[in-house]
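Summary of structural features
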Amino acid sequence: MPTFARVQRLVITIAVLASFVTFLDGTVVNVALPAISRELGGGITTQQWVVDAYLITLSALILLAGSLSDAYGRVLVMRIGLIAFGVASIAVAAAPDPLVLIIARAAQGAAGALLVPSSLALITATMRADVQSRAIGVWTAFTTAAQLVGPLLGGLFVDFLSWRFVFLINVLPIALTLVLLARLRLPEKPSGRGVDWWSGALCAIGLGAIVFALIEQPNLGWASPAIWLPAAGGVVLFALFLARQRTSAAPLMPLSLFRARDFAWGNLATLFVYAALSLNGFVVGVYLQQGAGLSATAAGLASLPMTILMILVSSRAGAWAGRWGPRIFMTVGPLVMAAGALMLLWVADDFDYWWQVLPAMIVMGLGLSLTVAPLTAAILGAIDQEHSGIASAVNNAVARVAGLLVVAMLSTIVGGALDLDGFHSAAWVTAGLLVLGGVVSWIGIRRNPAEVEDAVAPASVDPAPDVA
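The structure reproduced in this document is the subject of the present report. This is a predicted model, so every value here is computed, not measured.

So, on to the overall build of the protein chain. Secondary structure summary: the protein chain contains 19 helices and 0 strands in total. By the burial criterion, 61% of the 468 residues in the protein chain qualify as buried. Within the structure as shown, the protein chain displays about 17,500 Å² of accessible surface, and the carbon and sulfur contribution to it stands at 68%.

Attention shifts here to the nonpolar core. Judged by nonpolar contacts, the single largest core of 145 residues is most densely connected at Ile 36, Leu 63, Trp 163 and Phe 263. Phe 263 has contacts with Leu 257, Phe 258, Ile 379, Ala 382, Ile 383, Ala 391 and Val 394, leaving out every residue within four places of it along the chain.

A few words now on a negative patch on the surface. Residues Asp 349, Asp 350, Asp 419 and Asp 421 make up a contiguous surface patch of negative charge. One can find Asp 419 in the loop between α18 (410–414) and α19 (420–444). Given a relative accessible area of 39%, Asp 419 falls into the partly exposed group.

Moving on, we get to the packing of helix α11 (residues 261–290) against α19. With their axes 9 Å apart at the nearest point, α11 and α19 run at an angle of 165 degrees to one another. Relative to α19, the element α11 lies roughly antiparallel. In the crossing of α11 with α19, the sense of the turn from one axis to the other is left-handed. The class makeup of the residues in the contact of α11 with α19 is 20 nonpolar, 5 polar and 2 charged.

This next bit is on the packing of α11 against helix α16 (residues 358–381). The N-to-C vectors of α11 and α16 enclose an angle of 150 degrees; their axes lie 10 Å apart at closest approach. Relative to α16, the element α11 lies roughly antiparallel. For the pair α11 and α16, the sense of crossing is left-handed. Between α11, through Asp 262, Phe 263, Gly 266, Asn 267, Ala 269, Thr 270, Tyr 274, Leu 277 and Asn 280, and α16, the contact on the second element is made entirely by Met 361, Met 364, Leu 368, Val 372, Leu 375, Ala 378 and Ile 379.

Turning to the side chain of Ser 89, a few remarks are in order. Mapped onto the fold, Ser 89 is located in helix α4 (residues 74–93). With residues near it in sequence (within four places) discarded, Ser 89 still touches Gln 108, Phe 167, Leu 168 and Asn 170.

For the rest of this paragraph, the subject is a nonpolar patch on the surface. Judged by side-chain polarity, Ile 90, Leu 156, Phe 160, Leu 161, Phe 165, Leu 168 and Val 171 come together as a nonpolar surface patch covering roughly 660 Å² of accessible area. Mapped onto the elements, Val 171 comes out in helix α8 (residues 171–183). Look at Val 171 and you get partly exposed, because its relative accessible area is 44%.

Take Arg 105: it is sitting in helix α5 (residues 98–113). For Arg 105, the contacting residues outside a window of four places in its chain are Asp 25, Val 29, Val 50, Val 51, Ala 53, Tyr 54, Thr 57, Val 92 and Phe 167.

Looking now at the packing of aromatic side chains. The description of two aromatic rings rests on the distance between their centres and on the angle between their planes. This model, assessed by the stated rule, comprises 5 aromatic pairs. Seen from their ring centres, Phe 238 and Phe 241 are 5.5 Å apart, and the 35 degrees between their planes marks the pair as tilted. Taken as a pair, Phe 238 and Phe 241 lie in helix α10 (residues 225–247) at a separation of 3 residues, close to a single helical turn. Above the ring of Trp 442, the side-chain terminus of Arg 327 is found at 3.7 Å from the ring centroid.

Across its 24 residues, α16 extends 35 Å between first and last C-alpha, which sits within 8% of the 34 Å expected from 1.5 Å per residue. The element α16 is largely enclosed, with a buried count of 19 among its 24 residues.

The next thing to look at is the environment of Gly 444. Residue placement: Gly 444 occurs in helix α19. Since its relative accessible area comes to 0%, Gly 444 is described here as buried. Considering only alpha carbons, one finds Gly 444 and Arg 327, 117 residues apart in sequence, at a separation of 8.5 Å. Dropping the residues within four chain positions of it, Gly 444 is found in contact with Arg 261, Asp 262 and Trp 265.

Attention now moves to the environment of Val 347. Looking at the secondary structure, you find Val 347 in the loop between α14 (327–343) and α15 (353–356). Separated by 77 residues in the primary sequence, Val 347 and His 424 have C-alpha atoms spaced 8.0 Å apart. Here Val 347 is in contact with Tyr 287, Gln 356, Val 357, Leu 420, Phe 423 and His 424, once residues within four sequence places are set aside.

The rules behind the values
- Residues numbered from 1 in each chain as written.
- Predicted model: local features only at pLDDT ≥ 70, side-chain atom pairs only at ≥ 80, totals over all residues.
- Heavy atoms only, no water.
- Helix = DSSP H or I, 4+ residues; strand = E, 2+ residues; numbered from the N terminus.
- Buried < 20%, exposed > 50% of the residue type's maximum accessible area, 1.4 Å probe, protein only.
- Areas by Shrake-Rupley, 256 points an atom, 1.4 Å probe, with all protein chains shown as cover.
- Core = buried A, V, L, I, M, F, W, Y, C linked by side-chain atoms within 4.5 Å.
- Contact = heavy atoms within 4.5 Å.
- Patch = residues over 30% accessible without salt bridge, like charges linked within 9 Å, V, L, I, M, F, W, Y side chains within 5 Å.
- Salt bridge = Lys/Arg side-chain N within 4 Å of Asp/Glu carboxyl O.
- Lys, Arg positive; Asp, Glu negative; His and termini not counted.
- Charge placed at Lys NZ, Arg CZ, Asp CG, Glu CD.
- Axes fitted to C-alpha atoms, helices over the stretch in contact; angles between N-to-C directions.
- Parallel < 35°, antiparallel > 145°, perpendicular 65-115°, else oblique.
- Left-handed = near helix turned anticlockwise from the far one by under 90°.
- Nonpolar A, V, L, I, M, F, W, Y, C, P; charged D, E, K, R; others polar.
- Phe/Tyr/Trp six-rings, centres within 6.5 Å; stacked < 30°, edge-to-face > 60°.
- Lys NZ or Arg CZ within 6 Å of the ring centre and 35° of its normal.
- Expected span 1.5 Å × (residues − 1).

Below, the structure written as structure tokens:
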């Protein structure tokens, strides 16, 4: 089994910590939503916006951030992102009303967009072959664990302090990452390519308009101009964004990337799998409090088995994928997760966590552990080093957009209320999305690394040697 050199271990630590805060804040908020709603008001609409304001800017700007990472250097972009994320987190914690909270969450997502592509690109730029696959497995294990442990940390803070402290969790890891980043000495060669700011604006505004329509539609109806006009405008703007990628000298999402088979099909699988994860995380975090009557801490503990399994299995799954290919793991993993999601149908009015929820969490955790690292390795392994930042950004943008859209459609999915029937409806939708993710992986992903198509144009670069 490959071992990591000292500089590689430092790179992995920095990459994990920088991404940790971004993924943590994507889920830590879930168990805090009932407390936020009680203090600031707004009901389920405010809850949706607190989640989606973060995801809108994160998903829309992560493409721009990937381009910035390649153009100006990963370390510089990461340092700016860390500082901005810390400031935005403090603003969220101090928000006096829903509007300020939502605006601060949007700023937090914008800062987070700078962190994910630059952190993962550090790994792909400094490691190759089995070492890279194993490193991605470690990164995936801890960043996905951040998403899963987030509800537990959030629950503890909500129950024993305040929901506001949930957003101050970031301060320590941000400070530590800045210290470690100062110690990292890597020869970076920023490309100096221009950055397409217009594409960034089209993507952000287009997605924002679509999400606004999806969230507010249950309140106003599709016949309202306040709904169909933003929806239509958002679709047009996003279509213009895609069209611009064909003509821009420095596209945020080079469409040529999708000529690589594993990249294209892997991102489609990402769309389904991460939509399911986002829906499940939101619904479980909120329903266990508002429907089953658990405390915020107990609701957060519900996902702990998934966290433990991710830490124990994910890095091994990444190494296995490097040896045997990702296809089988990307197929079996989502199908196992789908079985776990269907087990949530056991939840009844006479609630019992140990028999109705715990088995589902264990099965979903096992499937998730088999899925995420091979999925990430397959997608990034299909792209050359020069485009690693943009490739990472595209994949993360797809994952965030998946969560963004499914949360925006929450009222439609659960039938307007997150009661027991709504919870069961969400479980069916979650399982269906996961099955689609598994089927797409089986159809599209190559069987083993030797079958992966050559990395995309303009030209592949020679594999970088391991950093000594």
